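# Inside the fold
Listed here are the chains, written in short residue letters.
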Amino acid sequence: MVEKLASKSSIQFKPLLLVAIAIIILLALFPLLLWNTPISSTYITILTPITSFLTLCLFIYTSWWSYKNDRDIFKAWGLLTLGMGLYFISNMLYFIFENITGTISSPSIADTFYIFAYALVIIGILFFLKKPYKIRTKALLDVFIVMISLFFIVWFLFVWPVVKPSDPNTIAIIRSISYLFLDILLLIVYLGVLFNKNLKITPTPLVLMTLGIFSQIFGDMIYAYHAFEPSLVYKWMFTILYTSDTIFASAAAIAFLKDVEIDLKSWISYYNNSKFTSQWISYLPLILVLFTYSLLLIRTPDKALIWGVGVIIVLVVIREIVSLNEIKKAQIVLKRNKEIIASSEEQLSFITTNMLDLIMESDENSVFRYVSPSSNEFLGIPPEKLLGKSFYEFIHPQDMEKISTNINNAVKAGSSVRLQYRYKNAANKYIWIESIGKPIFEQGEFKGFIYSSRDISQQKKAENIVKQSLTEKETLLREIHHRVNNNLQVISSLLSLQSRKVVDERDHELFQESQNRVRSMAMIHEKLYQSDNLNSINFSDYVKTLLDSLIYDVPHKLSNINIDLDVEKIELNIETSVPCGLIINELVSNSLKHAYPEGGKGTINIKMRSLDDKYELIVADDGTGSVQQADLEEDNSNLGLYLVNTLIKQLDGTIEVLKGKGTGYRIVFQELEYQKRI
């Protein structure tokens with residue numbers, strides 16, 4: 001099927017119906033303003049041909065649209081358009097014969113076109129069905145019996161008393177009511193298709209067409225009356241009713257083009273669930289049949305009336321046969337369902353009796369109304385002793401507020417909740433329970449909870465053991481870092497003491513550099529010892545502490561040097577922190593020693609930021625020193641730069657010399673993953 005190109009419209013069924021009714025009322029009121037004038041007579045005469053022509057144009061467009069966008073229903077609309085075309089031609093022929101030539105024959109060529117129009121419309125409507133055909137038989141018979149009964153009541157009380165005595169000719173009588181029988185046949189087809197569950201279109205166009213055929217039926221009744229007692233009032237009435245048929249047909253085409261939907265299922269459901277269904281409305285078909293049958297008593301019986309009542313009685317008998325068949329099928333289904341339910345209950349009882357989990361159901365007041373037999377093993381309490389007691393009665397007082405809050409939140413959200421709490425057993429001891437609770441709602445109203453619970457006491461014990469073990473290991477790791485820090489501090493102190501015995505200034509400087517390197521590593525272990533997280537340290541805080549220690553050791557002659565620190569809040573593990581800290585120590589120390597002559601002023605910049613999954617470190621000064629990229633890569637005589645290159649390789653990073661005043665380095669590296677030693 002080709003996808004529809006037209007988008008769904010905001011038009012709804014009720015506004016469309018009200019607009020159609022409003023147009024009918026306006027067309028009906030207009031001739032009343034000019035009653036008994038040539039204008040009103042002419043208006044009544046041409047109204048049906050004009051509206052049928054406009055409807056034909058709309059049907060032609062609908063057929064073209066369905067051919068372009070929905071070939072599956074093109075045949076249906078094409079046949080309906082041909083039928084509407086013959087209907088328009090018939091109206092024009094009647095208009096010509098009656099008002100221009102004055103030569104009306106019985107039957108005429110117009111009658112022939114009318115009959116073919118009915119045939120095409122019936123076939124076209126049937127093309128809206130799709131297989132498999134699923135008709136709501138009983139509902140269709142109820143509606144059909146009601147309509148046929150009403151038709152016979154109106155016909156034999158008001159129309160037939162005038163039609164029959166006026167013309168004893170049987171052929172003339174048959175002709176006068178033949179269109180009524182064609183309309184009823186068409187109505188049967190409409191209803192049969194409308195009550196089918198499988199349609200190619202929404203039921204809205206069919207509902208509107210059915211309303212139109214009702215107008216056609218009443219119009220034919222009045223036309224038959226008018227044929228024997230001509231009157232301008234009767235002509236006005238059947239003209240408006242015929243016009244209503246074409247207007248409802250136009251509304252049906254618009255409803256199809258705009259994809260207007262009507263929820264018949266909700267209407268039927270409302271009817272089935274209403275109180276009236278169990279009272280007198282469900283007996284309406286039988287009431288109307290009895291009333292129709294009473295016509296045989298209040299009127300002189302004739303063949304037409306007897307045949308009409310007979311047809312209705314046959315329909316009622318068919319309805320009762322269908323009802324009995326449906327009741328029989330329903331009983332078979334009910335019996336089968338009872339067997340399935342009994343089997344399911346037996347299986348459920350077996351499962352709940354042998355399962356380790358505890359299933360409980362409480363009402364809206366948290367009072368138990370079902371407890372599975374497994375409560376004997378679970379709590380040591382028989383299920384019958386728990387019924388009628390509150391769910392909260394057995395919860396540990398310390399868990400009460402938390403559980404109550406979580407349950408209330410689950411009810412408000414209408415979602416399941418997972419709970420862990422302590423519950424009292426038959427020995428008045430509390431065991432740990434984990435429950436999954438689901439709130440129960442009926443028509444939006446809270447009706448209780450269903451809980452599936454499991455004993456997790458052993459799990460809780462295991463968790464406590466694991467937590468205790470982790471706490472012990474964490475304490476041990478902190479102690480290790482603390483001792484490593486102390487040992488490195490001892491090494492730093494030893495280097496400091498040894499440097500005092502060194503006379504040569506260059507040797508003293510080497511001892512000082514080694515001391516700074518040891519201290520930079522010791523600080524990392526100190527930070528880990530002090531940190532809540534033993535896996536990483538706050539590197540920005542570490543860098544600040546490292547620089548403070550370096551500045552503290554700077555001679556007084558370099559006190560004019562400023563440190564500009566801009567390090568993001570970064571967490572680095574010990575694998576990365578140690579080489580990175582040593583790199584900063586080396587580069588800053590070099591700047592302090594070589595970049596500024598005695599008494600010089602300047603600024604050393606240290607910046608560090610994250611770049612996606614990498615980090616960027618910049619260390620630069622504005623001093624007098626200068627290093628080239630080639631010197632950095634080839635000079636191994638400078639221990640500090642050699643150490644920096646080695647550490648960068650350890651970090652799988654890169655280093656480049658920044659151009660400009662002073663000396664600057666840009667280092668890019670990744671955080672190293674922890675290497676398992678065991």
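Residues numbered from 1 in each chain as written. Predicted model: local features only at pLDDT ≥ 70, side-chain atom pairs only at ≥ 80, totals over all residues. Heavy atoms only, no water.

## Some points on the packing of aromatic side chains
This model, assessed by the stated rule, comprises 23 aromatic pairs. Ring geometry for W77 against F256: centres 5.2 Å apart, planes inclined by 40°, an arrangement best described as tilted. Taken together, the positions of W77 in helix α3 (residues 74-101) and F256 in helix α8 (residues 232-257) put the pair 179 residues apart, joining distant regions of the chain. Each member of the pair, W77 together with F256, is buried. (Phe/Tyr/Trp six-rings, centres within 6.5 Å; stacked < 30°, edge-to-face > 60°. Helix = DSSP H or I, 4+ residues; strand = E, 2+ residues; numbered from the N terminus. Buried < 20%, exposed > 50% of the residue type's maximum accessible area, 1.4 Å probe, protein only.)

## As for a nonpolar patch on the surface
Together, L18, I21, I25, L29 and L32 make up a nonpolar patch on the protein surface, roughly 440 Å² of accessible area in all. Tracing the chain through its elements places L18 in helix α1 (residues 13-33). You can call L18 exposed: its relative accessible area is 56%. (Patch = residues over 30% accessible without salt bridge, like charges linked within 9 Å, V, L, I, M, F, W, Y side chains within 5 Å. Areas by Shrake-Rupley, 256 points an atom, 1.4 Å probe, with all protein chains shown as cover. Salt bridge = Lys/Arg side-chain N within 4 Å of Asp/Glu carboxyl O.)

## Describing the sheet that holds strand β12 (residues 664-669)
Ordered by their spatial adjacency, 5 strands build an open sheet running β7-β9-β10-β12-β11, and the pairing between neighbours is mixed. Every other strand in the sheet has two partners, leaving β7 (561-567) and β11 (654-658) as the edge strands with one partner each. Pairwise comparison of adjacent strand axes, ignoring direction, gives a mean angle of 10° for this sheet. In this sheet, β12 lies alongside strand β10 (residues 614-621) in antiparallel orientation, the contact comprising 6 bridges. Its bridge partner being in β12, L617 is matched across the sheet by I667. Strands in contact with helix α18 (residues 574-594) are β7, β9 (602-611), β10 and β12; relative to β10, the strand with the most contacts, it is inclined by about 15°. (Pairing = 2+ DSSP bridges. Axes fitted to C-alpha atoms, helices over the stretch in contact; angles between N-to-C directions. Contact = heavy atoms within 4.5 Å.)

## Describing unusual backbone geometry
Phi angles above zero are rare outside glycine, and S366 is one such case at about 65°. Tracing the backbone shows S366 in the loop between β1 (358-363) and β2 (368-371). Positive phi, normally seen in glycine, also occurs at D652, with a value near 55°. By the element assignment, D652 lies in the loop between α20 (639-650) and β11. Judged by its relative accessible area of 63%, D652 is exposed.

## Examining the sheet that holds strand β5 (residues 445-455)
In spatial order, the strands read β2-β1-β5-β4-β3; together these 5 strands make up an open sheet with antiparallel pairing. This sheet does not close on itself; its edge strands, each paired only once, are β2 and β3 (417-424). With direction set aside, neighbouring strand axes in the sheet form an average angle of 30°. With 8 bridges connecting them, β3 and strand β4 (residues 430-442) associate as antiparallel partners. Bridging across to β4, Y421 finds its partner in I433. Where helix α14 (residues 397-413) meets the sheet, it contacts β3, β4 and β5, and its direction lies at approximately 150° from that of β3.

## Points about α8
The end-to-end C-alpha distance of α8 is 37 Å, a good match for the 38 Å that 26 residues give at a rise of 1.5 Å each. Counting buried positions along α8 yields 21 of 26 residues, so the element is predominantly enclosed. Of the residues one or two after α8, D259 is the one with positive phi, at around 55°. (Expected span 1.5 Å × (residues − 1).)

## Focus on the side chain of D399
Structurally, the position occupied by D399 is in helix α14. The class for D399 is buried, based on a relative accessible area of 5%.

## Let's talk about the side chain of E434
By secondary structure assignment, the location of E434 is in strand β4. Those residues in contact with E434, other than ones at most four positions away along the chain, are R418, L419, Q420, S452, S453, R454 and I456.

## So, the nonpolar core
Generally speaking, nonpolar side chains in soluble globular proteins are found buried as a group. Membership of the largest hydrophobic core comes to 68 residues, with the highest contact counts inside it found for W77, L80, I125, F128, V193 and L208. Residue assignment for this core shows that the elements contributing at least two residues are α1, α2 (38-69), α3, α4 (109-126), α6 (170-194), α7 (204-228) and α8. Not counting residues up to four positions away in its chain, the partners in contact with V193 are I125, L126, F128, L129, L199 and L206. Within the second largest apolar cluster, 40 residues are counted, among which are M523, L546, V578 and I667. (Core = buried A, V, L, I, M, F, W, Y, C linked by side-chain atoms within 4.5 Å.)

## What about the packing of α2 against α8?
The contact between α2 and α8 brings their axes to 9 Å, and the two run at 15°. As summarised for this structure, α2 and α8 are arranged roughly parallel, according to the angle between their axes. The handedness of the crossing between α2 and α8 comes out as left-handed. (Parallel < 35°, antiparallel > 145°, perpendicular 65-115°, else oblique. Left-handed = near helix turned anticlockwise from the far one by under 90°.)

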